[in-house]
Amino acid sequence: MGAFNKLKWIIGILLVFLLIVATNLIDRNNFRKIRDTTVSIYENRLIAKDLIFEISLLIQEKKIANLTSDASFYRQRNKVINKKIETLTTQYQKTELTVEEEKKVNDLHNNLATLIKLEQEISDDQFEVNNKLSKSILDVEGNLYALSKIQLIEGQRQLSKSKKAIEFIELFTQLEIYLLIFLAI
């Protein structure tokens, strides 16, 4: 075998080696992106959505108590519910928040503080349907609805990132096959 043929073989093998290393590094990066988006969808979107749902259920209890003028609710159960809501909102804040989401969470905290203040102002003999309380509950429900919609939008965004990474992997796999065929020829 001549020196020129040996050089061609060495260059060919070197190109195959470099191609495999380059695609491996690119694929590893893309798999990392897929893993990160999957984890983000679970930790920052599904868990957050569940927390919003749990808070909504507790707010519904408050709404029903207000509409039925349930005095025993405000004397007994309301403090427990307020503590649970506080715990759930603290857990929610530990998720990765977007800028818009952070604004909505601040609005939620303000509206919850207003609601709790209004509930504390209710005296034992004043348990008819309280319109201020009803409006405050509606404000909190609006905040929860907005946060719920953010979860969907952010989940879709994360899913889109994951799809792009998968498409990139598929593209590089095809390019790698074509290049290997070319090198073989």
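Placed above this text is the structure.
Note that the structure is a prediction, hence the values are computed from the model and not measured. (Residues numbered from 1 in each chain as written. Predicted model: local features only at pLDDT ≥ 70, side-chain atom pairs only at ≥ 80, totals over all residues. Heavy atoms only, no water.)

### A look at helix H3 (residues 99–121)
Taking 1.5 Å as the rise per residue, H3 with 23 residues should run 33 Å; its terminal C-alpha atoms sit 34 Å apart, in good agreement. Here H3 has its buried residues at Glu101, Val105, Leu108, Asn111, Leu112, Leu115, Leu118 and Glu119. (Helix = DSSP H or I, 4+ residues; strand = E, 2+ residues; numbered from the N terminus. Expected span 1.5 Å × (residues − 1). Buried < 20%, exposed > 50% of the residue type's maximum accessible area, 1.4 Å probe, protein only.)

### Points about helix H2 (residues 71–93)
Taking 1.5 Å as the rise per residue, H2 with 23 residues should run 33 Å; its terminal C-alpha atoms sit 32 Å apart, in good agreement. At Arg77, H2 is deflected by roughly 55 degrees, the largest bend along its length. Taken together, the buried positions of H2 are occupied by Ala71, Phe73, Tyr74, Asn78, Ile81, Asn82, Ile85, Leu88, Thr89 and Tyr92. (Bend = angle between axes of the 7 residues up to and from the residue.)

### Remarks on the nonpolar core
Core analysis: the largest hydrophobic core is formed by 25 residues, its most contacted members being Ile59, Ile85, Tyr92, Leu133, Val140, Leu144 and Leu147. Of all the secondary structure elements, the ones that give two or more residues to this core are helix H1 (3–67), H2, H3 and helix H4 (131–184). Apart from residues lying up to four places away in sequence, Ile59 is in contact with Ile85, Leu112, Leu115, Ile137, Val140, Glu141 and Leu144. (Core = buried A, V, L, I, M, F, W, Y, C linked by side-chain atoms within 4.5 Å. Contact = heavy atoms within 4.5 Å.)

### A few points about the environment of Leu159
Within the element layout of this structure, Leu159 appears in helix H4. On a C-alpha basis, the gap between Leu159 and Leu144 in space is 23 Å, while along the polypeptide they are 15 residues apart.

### Quick look at the environment of Phe73
Along the chain, Phe73 falls in helix H2. On the basis of relative accessibility, which here comes to 7%, the residue Phe73 falls in the buried class. For the pair Phe73 and Lys62, spaced eleven residues apart in sequence, the C-alpha to C-alpha distance is 8.3 Å. Residues within four places of Phe73 in sequence aside, it is in contact with Glu61, Lys62, Ala65, Asn78 and Ile81.

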